[in-house]
Amino acid sequence: MLFWIFAALILHAVYVFTPTMLFFPTEGVSRHMGGRDDLPEPSPVTGRARRALANWQESLPVFIVLALLAVVRDADATLGAAIFVLARVAYLPLYMVAIPGLRTLAWVVAVVGLLMMAFALV
């Protein structure tokens, strides 16, 4: 389980840095070092990366709580954790390239992983 917790934390860094890295080529590093009050509207891809990050930030706490409960209770929720993390790995690029059906499928698979983790605790 610890592997999947660490994998999710690494994935968190990817989700956090992706929108910023997409903004650097157009705005430069120096604009990000200030208050960023005057940044222009993001490109559609950057906007999608930001929305994917917001969605990730909603689901990550649920995953972490379920994963830590599984560790504490010595429950085998590893398969659900793996499904969640791998589906969320797929979710970000699918969202960024605007493939609605596949993006939604990745999200549903991730939710199924969370449900599997929850059911492993009962």
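Residues numbered from 1 in each chain as written. Predicted model: local features only at pLDDT ≥ 70, side-chain atom pairs only at ≥ 80, totals over all residues. Heavy atoms only, no water.

**As for the environment of D76**
For step 1, the next point in the chain: In this fold, D76 is placed in the loop between helix 3 (44-73) and helix 4 (78-96).
For step 2, the next point in the chain: Once the C-alpha coordinates of D76 and A49 are considered, the two residues, 27 residues apart in sequence, prove to be 32 Å apart.
For step 3, the next point in the chain: One polar contact links D76 to T78, side chain to side chain, over a distance of 3.1 Å. (Helix = DSSP H or I, 4+ residues; strand = E, 2+ residues; numbered from the N terminus. Polar contact = N/O pair within 3.5 Å; in protein donor to acceptor, adjacent residues only side chain to side chain.)

**So, the side chain of N55**
For step 1, the next point in the chain: Tracing the chain through its elements places N55 in helix 3.
For step 2, the next point in the chain: We classify N55 as buried; its relative accessible area is 17%.
For step 3, the next point in the chain: Residues contacting N55, with those up to four places away along its chain left out, are R88, Y91 and W107. (Buried < 20%, exposed > 50% of the residue type's maximum accessible area, 1.4 Å probe, protein only. Contact = heavy atoms within 4.5 Å.)

**Brief notes about the nonpolar core**
For step 1, the next point in the chain: Among the nonpolar cores identified, the biggest contains 31 residues, and W4, Y15, W56, F63, F84, V85 and M117 are the most heavily contacted of them.
For step 2, the next point in the chain: Once residues within four sequence positions are removed from consideration, F84 is found in contact with W56, S59, F63, A110, G113 and L114. (Core = buried A, V, L, I, M, F, W, Y, C linked by side-chain atoms within 4.5 Å.)

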